[in-house]
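If you want the building blocks of each chain, they are given just below.
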Amino acid sequence: MIDAQPVPETLASRAAALFSAYRAGDEARMGDLVALVSPILWHTVRGQRLDRESAEDVVQTTWLALVRHADSVADPQAVLQWLIVSARREAWRVVKRTDRIEPRDFEPDDLISRADDAPEATAVRDDGDGRLWQHITQLPERCQALLRVIAFADRPDYAAVAKSLGMPVGSIGPTRGRCLAKLRIQLANDPAWEH
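Parameters and conventions
- Residues numbered from 1 in each chain as written.
- Predicted model: local features only at pLDDT ≥ 70, side-chain atom pairs only at ≥ 80, totals over all residues.
- Heavy atoms only, no water.
- Helix = DSSP H or I, 4+ residues; strand = E, 2+ residues; numbered from the N terminus.
- Buried < 20%, exposed > 50% of the residue type's maximum accessible area, 1.4 Å probe, protein only.
- Contact = heavy atoms within 4.5 Å.
- Areas by Shrake-Rupley, 256 points an atom, 1.4 Å probe, with all protein chains shown as cover.
- Polar contact = N/O pair within 3.5 Å; in protein donor to acceptor, adjacent residues only side chain to side chain.
- Axes fitted to C-alpha atoms, helices over the stretch in contact; angles between N-to-C directions.
- Parallel < 35°, antiparallel > 145°, perpendicular 65-115°, else oblique.
- Left-handed = near helix turned anticlockwise from the far one by under 90°.
- Nonpolar A, V, L, I, M, F, W, Y, C, P; charged D, E, K, R; others polar.
- Disulfide = S-S within 2.5 Å.
- Salt bridge = Lys/Arg side-chain N within 4 Å of Asp/Glu carboxyl O.

S.K.: Is there a simple way to think about the overall build of the chain in this case?
M.R.: Helices and strands together make up the secondary structure of the chain, namely eight helices and zero strands. Taken from the N to the C terminus, the helices and strands of the chain come in the order α-α-α-α-α-α-α-α. Out of the 195 residues belonging to the chain, those deemed buried represent 43%. Considering only residue pairs separated by 6 or more positions, the chain has 65% of its internal contacts joining residues 24 or more positions apart. Accessible surface for the chain amounts to roughly 11200 Å². Of this, 54% is attributable to carbon and sulfur atoms.

Shown next as structure tokens:
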């Protein structure tokens, strides 16, 4: 008898488990789902060139839409994709309504930091993070979108990422590799980069 290998847990499967528990009546799981997926939604929305306040509104609107339409998500495995696509569509709607598409640099407070960090460590990390995101914004749009989504997932679900970004699943790994190679070259040529 061959032992079955455990299926690795992905971001999509964790989101699905939390969403299923929420729909089964454990309302606290929605908070866990928000904590798990919000960083990806945040960077997906910011990638659409929204300012900080508009991005906050879009992310909040996306979560409210999920709560209102929780029963319409037929398969809990699709909740991550549903959230990403919904956030992107809402961001597009806001951009179109306000008719402003302005590239913006990431602000230091856009990046999540731990409250227990010393101010010096926080300042050094924020400076490095700011430089890193400046270089990311110089990459092609496809690279920016891919890196924003996968940067905050421990084990990205390539099928969900592929569908939300409109890419074939098989091209995500190679595209990520090319994007990271371009980023490494940019960082190597930046005398201020010390990481």
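S.K.: What is the right way to look at the side chain of Gln144 in this model?
M.R.: Structurally, the position occupied by Gln144 is in helix α6 (residues 141–150). A distance of 3.0 Å separates the side chain of Gln144 from the backbone oxygen of Thr137, its partner in a polar contact. Ignoring any residue separated from it by four or fewer positions in sequence, one finds Gln144 in contact with Arg49, Ile136, Thr137, Gln138 and Leu139.

S.K.: I tried to follow the packing of helix α2 (residues 28–46) against helix α3 (residues 52–68) on my own but got confused; where do I start?
M.R.: Think of two packed helices as two axes; the pair is described by the angle between the axes and how far apart they sit. Their axes nearest at 10 Å, the elements α2 and α3 cross at an angle of 135°. The orientation of α2 with respect to α3, classified from their angle, is oblique. The element α2 and its partner α3 pack so that their crossing is right-handed. On α3, the residues touching Met30, Leu33, Val34, Val37, Ser38, Leu41, Trp42, Val45 and Arg46 of α2 are Arg52, Ala55, Glu56, Val58, Val59, Thr62, Trp63, Leu66 and Val67. For the contact of α2 with α3, the per-class residue count stands at 13 nonpolar, two polar and three charged.

S.K.: How should the state of the cysteines be read in this particular structure?
M.R.: Disulfides are covalent bonds that link the sulfur atoms of two cysteine residues. As enumerated under the stated definition, the model contains one disulfide in all. Each sulfur in the disulfide pair Cys143 and Cys179 lies 2.1 Å from the other. Judged by the torsion about the S-S bond (-80°), the Cys143/Cys179 disulfide is left-handed. One end of the pair, Cys143, is in helix α6; the other, Cys179, is in helix α8 (residues 169–188), and 36 residues separate them in sequence. Cys179 shares its class with Cys143; the two are buried.

S.K.: It is not clear to me how the pattern of salt bridges should be interpreted in this structure. Could you clarify?
M.R.: In a structure, side chains of opposite charge can pair up when their charged atoms sit close to one another. Following the criterion strictly, the structure yields four salt bridges and no others. Note that Arg29 and Asp32 form a salt bridge whose closest N and O atoms lie 2.5 Å from each other. Of this pair, Arg29 and Asp32 both sit in helix α2, three residues apart, roughly one helical turn. The partly exposed category is assigned to Arg29, whose relative accessible area is 26%. Note that Arg93 and Glu90 form a salt bridge whose closest N and O atoms lie 2.5 Å from each other. In this pair, Arg93 and Glu90 are both assigned in helix α4 (residues 79–98), three residues apart and thus about one turn of the helix distant. By relative accessible area, which is 14% here, Glu90 ends up buried. One network of salt bridges, with partners in common, ties together Asp26, Arg29 and Asp32.

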